[in-house]
Amino acid sequence: MRQPGAYSRLLAGGISGKTGPHSLPLARIKKIMKNSSDEVKMISGEAPIVFSKACELFIEELTKRAWMMTLQAKRSTLHREDVASAVMNIDIFDFLVNLVSENSGKSEDPQPVTEA
């Protein structure tokens, strides 16, 4: 059986749903979960709470790693390039490599393509 790690201890106090407001909107998380697959029909009320906390931890970790890139560049503002560098240099973020490499040369959000 897998033993709880450092992140599991962080979750211990905030999973019940009775601990106060959540940073991320639970309705949006539930919608994303339902849209992830046609097979997902029912989602318990507690599952989005766990996902919310997991997302918070993910954002915190990626931000810390990106901030290290910002400091290495001797800047005080975190940029998109810092996030991309963190993703490219840290193995646990390998699943995001295609996302940051596709957007590496773009400075703005892509414009929708309209058919003529």
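- Per an unreviewed UniProt entry, the protein chain is named Nuclear transcription factor Y subunit C-2, and its organism is Abeliophyllum distichum.
- What UniProt records for the protein chain under Function (unreviewed entry) is the sentence "Stimulates the transcription of various genes by recognizing and binding to a CCAAT motif in promoters."
- Regarding the protein chain, the relevant UniProt record gives this comment under Subunit (unreviewed entry): "Heterotrimeric transcription factor composed of three components, NF-YA, NF-YB and NF-YC. NF-YB and NF-YC must interact and dimerize for NF-YA association and DNA binding."

### Looking at the overall build of the protein chain
No. 1: Helix and strand counts for the protein chain stand at five helices and zero strands.
No. 2: Counting helices and strands in the order they occur from the N terminus, the protein chain gives α-α-α-α-α.
No. 3: For the protein chain, restricting intrachain contacts to residue pairs at least 6 apart in sequence, the fraction spanning at least 24 positions comes to 41%.
No. 4: Here the protein chain has roughly 9,300 Å² of accessible surface; of this, 57% comes from carbon and sulfur atoms.

### Focus: the packing of aromatic side chains
No. 1: Taken as a whole and assessed by the stated rule, the structure comprises two aromatic pairs.
No. 2: Measuring from ring centre to ring centre gives 5.9 Å for Phe58 and Phe93, while their planes differ by 75 degrees; the resulting arrangement is edge-to-face. In this pair, Phe58 sits in helix H3 (residues 47–72) while Phe93 sits in the loop between helix H4 (80–89) and helix H5 (97–102), placing the two residues 35 residues apart along the sequence.
No. 3: Judged by centre distance (6.1 Å) and plane angle (45 degrees), the rings of Phe58 and Phe95 are tilted. Of the two residues, Phe58 is situated in helix H3 and Phe95 in the loop between H4 and H5; the sequence distance between them amounts to 37 residues.
No. 4: In this structure an aromatic cluster arises from ring pairing among Phe58, Phe93 and Phe95.

Rules and cut-offs
- Residues numbered from 1 in each chain as written.
- Predicted model: local features only at pLDDT ≥ 70, side-chain atom pairs only at ≥ 80, totals over all residues.
- Heavy atoms only, no water.
- UniProt positions renumbered as here; feature names shortened; annotations may be inferred.
- Helix = DSSP H or I, 4+ residues; strand = E, 2+ residues; numbered from the N terminus.
- Contact = heavy atoms within 4.5 Å.
- Areas by Shrake-Rupley, 256 points an atom, 1.4 Å probe, with all protein chains shown as cover.
- Phe/Tyr/Trp six-rings, centres within 6.5 Å; stacked < 30°, edge-to-face > 60°.

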